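Residue strings, one per chain:
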Amino acid sequence: MLRYANPKRFLDLSAALLPWLWLAAAGLTLTGLYQAIFLVPPDYQQGDTVRIMYVHVPSAWMASFIYGFMFVASVVGLVWKHPLADAAAKEAAPIGAMFTAVCLITGALWGKPMWGTYWIWDARLTSMLVLLFLYLGYLGVWAAIEDRAKAARAAAVLCVVGVVNIPIIRFSVEWWDTLHQGPSVVRFEGGKLAPSIDPSMLWPLLIVGLGCTLLFFALLFVRMRTEIRRRRIRALLAAQAGG
Amino acid sequence: MSAFLALVRRDLSLAFRVGGGPFLGLAFFLTVTALLPLGVGARLNLLGEAAAGFLWVSAALAALLSLDRLFQADAEDGSLEQLALGDLPLEAAVLAKCLAHWLTTGLPLALAAPVLALMLNMPAGGYGALVLSLLVGSPVFSLAGAIGAALTAGLRRGGLLLSLLVLPLFVPVVIFGAGTVTAAINGAEGDAAFLLLAASSLFALVLAPLAGAAALRIHLS
């Protein structure tokens, strides 16, 4: 029963928090997107397509942030063998994979008018793609190993290996990009995350980013609650079958 | 040390007697090299330009083919438990198995690579760099691959999952390896790519046995 002591507290706490989380997440994201779509002036070079940035950049932030979150949860799970930490890492992964996919798709849609092609092999896109593979591999380990406790530890080891590798992959891909940079690719320095970005464009971006972070935690809590209940049902069924 | 060498010798003889040893990997290497001109057309300058990168990619794929058996057979017949119970630390056992795997896949590919590069019309000047970079870099395929193999040991359909787990780890090695050869062909000054490749190799040599042993212990517990 001690095992359930903390999940119980989590269920109570998250039940109290969730309505507020949803409200804040929806409010911030919608406010930011409203500003991005209707109030922000079009970019002098990129025109209206610059508005894609307000979905693209926050998704990229979330994709990295969620992998970092999974890393922390995995280490906690490995060291203290805490089932709630395992559940947090497991349930964060599909959300992270979705944000990575959204980032890649919006990047491709943005690339078409800007670069003239949906996909170019530039460093950022390529390392995002590798990050998506890392997410998929992580989900694959959870799906392939039937024993939950073993799956949790194997996935945690994979996540730690991935975090050790991400800086190396990112550096190597950037190094590769400087070698292979084709002269035909048109690059816009003014758009993406340039330090000279105007405050009127920066604020909506930060608001959407914060909204997405809250959205992540709202989704995560819902998924974790489902996972905890799923575990209970499984334990009850096992007890019934045994007794 | 003698236990370590005994394990290497055991895996080598197993590879020679059951799996055809290095020849299976070489045959695969040769087959994909034959497929490249058939697929993209026999234009010699196109092939020559792609040769360095292509040989590195096929070396990675050749390593993948044999990786899913790295711990699988031992997990099935119980010798993995024996290894874990023995005096040899599990980390050293993982390292021994990686060494045997590299001796039967990476090393022969590195030695055969110049012949295949010749068939693909790779420009002169890259041959020494190709062999040297494969010798230094291909151990990463065995070492990083061992982490994936250990994570999927004992799974019924581990092979496909293994490739998904391991390929992201191969990314830097392929970049630096092919970069070394390209730099040598272009006569570029400095050997940044080669040094980075060697660094990745040493990094994997230190960390992969630890992570591989940790992953094996999960399945043994």
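Since the structure is predicted, the reported quantities are computational estimates derived from the model, not experimental observations.

A look at the overall build of chain B
Next, step 1: The number of helices and strands found in chain B is 11 helices and zero strands.
Next, step 2: Element order for chain B, N to C, with α for helix and β for strand: α-α-α-α-α-α-α-α-α-α-α.
Next, step 3: In terms of C-alpha radius of gyration, chain B reaches 18 Å, essentially the compact-globule figure of 17 Å for 221 residues.
Next, step 4: A buried classification covers 51% of the 221 residues belonging to chain B.
Next, step 5: A sequence separation of at least 24 residues applies to 84% of the contacts in chain B between residues at least 6 apart.

Remarks on the interface of chain A and chain B
Next, step 1: Each partner contributes residues to the interface: chain A has 24 residues there, and chain B has 21 residues.
Next, step 2: Among the elements of the structure, helix 4 (123-144) and helix 5 (148-180) of chain A are those that each provide at least two residues to the side of chain A that touches chain B.
Next, step 3: Per-element tally for the side of chain A that touches chain B: the top contributor is helix 5 of chain A, with 15 residues.

Some words on helix 2 (residues 53-80) of chain A
Next, step 1: For helix 2 of chain A, spanning 28 residues, the distance from its first C-alpha to its last is 40 Å, which sits close to the expected 40 Å at 1.5 Å a residue.
Next, step 2: At the exit of helix 2 of chain A stands K81 of chain A, carrying a positive phi of roughly 50°.

With respect to the confidence of the model for chain B
Next, step 1: When pLDDT is averaged along chain B, the result is 88; 99% of the residues meet or exceed 70.
Next, step 2: Scored as a complex, the prediction yields pTM 0.87 and ipTM 0.86.

Parameters at a glance
- Residues numbered from 1 in each chain as written.
- Chains lettered and ligands numbered in written order.
- Predicted model: local features only at pLDDT ≥ 70, side-chain atom pairs only at ≥ 80, totals over all residues.
- Helix = DSSP H or I, 4+ residues; strand = E, 2+ residues; numbered from the N terminus.
- Rg over C-alpha atoms; globule rule 2.2 N^0.38 Å.
- Buried ≥ 20, exposed ≤ 12 C-beta atoms within 10 Å, placed from the backbone.
- Contact = placed C-beta atoms within 7 Å.
- Expected span 1.5 Å × (residues − 1).
- pLDDT = per-residue confidence, 0-100.

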